[in-house]
Amino acid sequence: IKLGGLNKQSTTPVRGPVIKIVRGRGQYLYDEKDVRYLDCISNVHHVGHCHPDVTRAATAQMELLNTNSRFLHDNIISYANRLSATLPDKLSVFYFVNSGSEANDLALRLAQQYTQHEDVIVLDHAYHGHLKSLIDISPYKFRKLSGQKEWVHVAPLPDIYRGLYREDHPNPGEAYADTVRDVIEDVHSKGRKISAFFCESLPSVGGQIILPQGYLTKVSEYVRSAGGVLVVDEVQTGFGRVGSHFWAFQMQGEACCPDIVTMGKPMGNGHPLACVVTTEQVAGAFAGTGVEYFNTFGGNPVSCAIGLAVLNVLEQEDMRGNATRVGAHLKDLLNKLQTKHQIVGDVRGVGLFLGLELVVDRELRTPATESALYRLREERIFVSTDGPFESVIKFKPPMCFSIADADLVAQKIDHVLTGEEVKLLQ
């Protein structure tokens, strides 16, 4: 917000008029003229904008008590127990914080303290948060700023559409994991040691990437052999978004168990609530410094009441099942658009985490960056773009997204793509 003269809210440059949203409900947003928009990108509002159960839980607890985390309260214990039931047994120590960025910053501290090493391996084009420590391990950001730190090492993004190893490779998971092994060997050759491999379970800013099967399990073997830990960032993908599993890392199989998991955005349905969960061994090393960890608002009674309400809604309304059904339907519709429109190069994703990559040339896979569907806003559909070339239309809607919503989105995309292809041919 920049004040002075006329009060204005600074925004990222966009094409077309800026839209002022004044209310929301479920998967819909409404502007100041009460025009309704379908929200395909608000993964923060996980169970839907202003879900009445979440709102009631927040209001009831606020009217009773909200205080900092210095005092005992049942909500934080109840919430930790509920989260624990969704995770592998060894992940049993919870640190509640206020944002995904704060969670990832703490995860970095935990890893470095436990291993007594500094160096971190991250994926190319990764983004883990806006704090300085996280800009340092986010190639998506640091390549545009002061550059790469000596203790940060970048492994190739496991993108089987654009990356080193593509969909025709017999075992892309192992091939990409071996690139991490190569990075570790290079780090060791310089006399340095690895503290952690940081990875989103499904790289989002990288372009809605689905990690090839076996990748994380193999990477964890390499990283642990080098004395490091596996940190999985579920800030974008957790809480059932993939449908088949509660956490996206579980898609890699039972053998895949991180040492640290971070979570954020969907936890509080828009309320600032986030968490780091780790093992007793990692937590013990952190506590062994003698410097206590305290977070004033992390895990406060209101935040945990909201978190519990979100978990209740996920179960009561079968939102994981909905993500599976609606996500599969939308992906099928997008695949049909790919057969109709040459501009659609790739369709990928799972559950309600989907990507549609646009290209100028299918053979060369030249990104159609200028064809990023900004016109969909004119059709009252909110989408956004990701990927190294901003050519991937991403879908991460509230989990209450419906079959009818998917049909509408596909219809509008079909209409807009037809116009885009006409322009490309001119």
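See above for the structure.
Position labels on residues start from 1 in each chain and follow its written sequence. Only residues with pLDDT of at least 70 are given local features in this predicted model, and only at 80 or more are side-chain atom pairs given and counted; all residues enter the totals for whole chains, interfaces and linings. To get the side-chain values, take all heavy atoms of the structure and skip hydrogens and water.

Undergrad: Sorry if this is basic, but what is going on with the sheet that holds strand 8 (residues 229-233) here?
TA: For sheets, the rule is that strands pair by backbone hydrogen bonds, running either parallel or antiparallel. Taken in spatial order, the 7 strands make up an open sheet running 4-10-9-8-7-5-6, and their pairing is mixed. The strands lining the two open edges of the sheet, one partner per strand, are strand 4 (93-97) and strand 6 (152-155). For this sheet, the mean angle separating the axes of adjacent strands, direction not counted, is 20°. Two strands pair under a simple rule: DSSP has to find at least two bridges between them. Here a strand is any run of E in DSSP of at least two residues, a helix any run of H or I of at least four, and the numbering for each starts at the N terminus. In this sheet, strand 8 lies alongside strand 7 (residues 194-200) in parallel orientation, the contact comprising 5 bridges. To obtain an axis, a line is fitted to C-alpha atoms, over the contacting stretch when the element is a helix, and the angle between two such axes runs from 0 to 180 degrees between their N-to-C directions.

Undergrad: Which parts of the structure should I look at to understand the pattern of salt bridges?
TA: A side-chain nitrogen of Lys or Arg and a carboxyl oxygen of Asp or Glu constitute a salt bridge if their distance falls within 4 Å. Under the criterion given, the structure shown has 24 salt bridges. In this structure, Asp 34 engages Arg 23 in a salt bridge whose closest nitrogen and oxygen atoms are separated by 2.8 Å. Here Asp 34 is found in the loop between strand 2 (28-31) and strand 3 (36-39), whereas its partner Arg 23 is found in strand 1 (residues 21-25), with 11 residues between them in sequence. Exposure is judged per residue with a 1.4 Å probe applied to protein chains only, and the accessible area is read against the type maximum: over 50% gives exposed, under 20% gives buried, and values in between give partly exposed. Look at Asp 34 and you get partly exposed, because its relative accessible area is 48%. A relative accessible area of 41% places Arg 23 in the partly exposed class. For Arg 162, the salt bridge goes to Glu 357, with nearest N and O atoms at 2.5 Å. Of the two residues, Arg 162 is situated in the loop between strand 6 and helix 6 (172-189) and Glu 357 in strand 12 (residues 353-361); the sequence distance between them amounts to 195 residues.

Undergrad: Teacher, can you tell me more about the packing of helix 6 against helix 7 (residues 215-225) here?
TA: In a packed pair of helices, the relevant descriptors are the angle between the two axes and the axis-to-axis distance. Their axes nearest at 8 Å, the elements helix 6 and helix 7 cross at an angle of 20°. Accordingly, the angle class assigned to the pair helix 6 and helix 7 is roughly parallel. The crossing of helix 6 and helix 7 is right-handed. Side by side, helix 6 and helix 7 meet where Gly 173, Tyr 176, Ala 177, Asp 178, Val 180, Arg 181 and Ile 184 of the first sit next to Tyr 215, Lys 218, Val 219, Tyr 222 and Val 223 of the second. Here the contact of helix 6 with helix 7 is built from residues that sort into 8 nonpolar, 1 polar and 3 charged. Convention used here: angles under 35 degrees read as roughly parallel, angles over 145 as roughly antiparallel, angles from 65 to 115 as roughly perpendicular, and any remaining angle as oblique. Handedness of a crossing is defined here by the sense of rotation of the near helix relative to the far one, left-handed for an anticlockwise turn of less than a right angle and right-handed for a clockwise turn. Contacts are residue-level and defined by heavy atoms, with any inter-residue pair within 4.5 Å sufficient. In the scheme used here, Gly and all other residues not listed as nonpolar or charged are polar, with Ala, Val, Leu, Ile, Met, Phe, Trp, Tyr, Cys and Pro taken as nonpolar and Asp, Glu, Lys and Arg as charged.

Undergrad: How do you make sense of the nonpolar core when you look at a structure like this?
TA: In a soluble, globular protein the nonpolar side chains are often hidden away together inside. In terms of nonpolar packing, the biggest core is built from 86 residues, with Tyr 79, Phe 197, Tyr 215, Leu 216, Phe 239 and Phe 395 touching the most fellow members. Sorting elements by how many residues they give to this core places helix 9 (residues 301-316) first, with 9 residues. The residues contacting Leu 216, other than those within four sequence positions of it, are Phe 197, Cys 199, Leu 211, Leu 230, Val 232, Phe 249, Gln 252 and Cys 256. By size, the runner-up hydrophobic cluster in this structure holds 25 residues, among which are Val 97, Leu 108, Val 120 and Trp 151. Side-chain atoms within 4.5 Å are what join buried Ala, Val, Leu, Ile, Met, Phe, Trp, Tyr and Cys residues into a set we call a nonpolar core.

Undergrad: What am I meant to see in the packing of aromatic side chains here?
TA: Both the distance between ring centres and the angle between the ring planes are used here to describe each pair of aromatic rings. Ring pairs shown here join Phe, Tyr and Trp side chains whose ring centres sit within 6.5 Å, with only the six-membered ring taken for Trp; geometry is labelled stacked below 30 degrees between planes, edge-to-face above 60, and tilted in between. Evaluation of the coordinates by the stated rule reveals 11 aromatic pairs. Ring plane angle 85° and centroid distance 6.0 Å describe the contact between Tyr 95 and Phe 286, whose orientation is recorded as edge-to-face. Of this pair, Tyr 95 sits in strand 4 while Phe 286 is found in helix 8 (residues 280-287), placing the two residues 191 residues apart along the sequence. The class of Tyr 95 is buried, set by a relative accessible area of 11%. Measuring from centroid to centroid gives 4.9 Å for Phe 239 and Trp 247, while their planes differ by 70°, and the two rings are edge-to-face. Across this residue pair, the class does not change: Phe 239 and Trp 247 are buried. Within the aromatic cluster, the residues linked to one another by ring pairs are Tyr 79, Phe 94 and Phe 96. Lysine NZ or arginine CZ positioned within 6 Å of the ring centre and within 35 degrees of the ring normal marks a charge as sitting over the ring. The side chain of Arg 36 reaches across the aromatic face of Tyr 28, ending 3.9 Å from its centre.

Undergrad: Where do I start with the environment of Lys 33 in this structure?
TA: Inspection of the secondary structure puts Lys 33 in the loop between strand 2 and strand 3. Note on Lys 33: relative accessible area 70%, which makes it exposed. Distance in space between the C-alpha atoms of Lys 33 and Ile 21 is 9.2 Å, their sequence separation being 12 residues.

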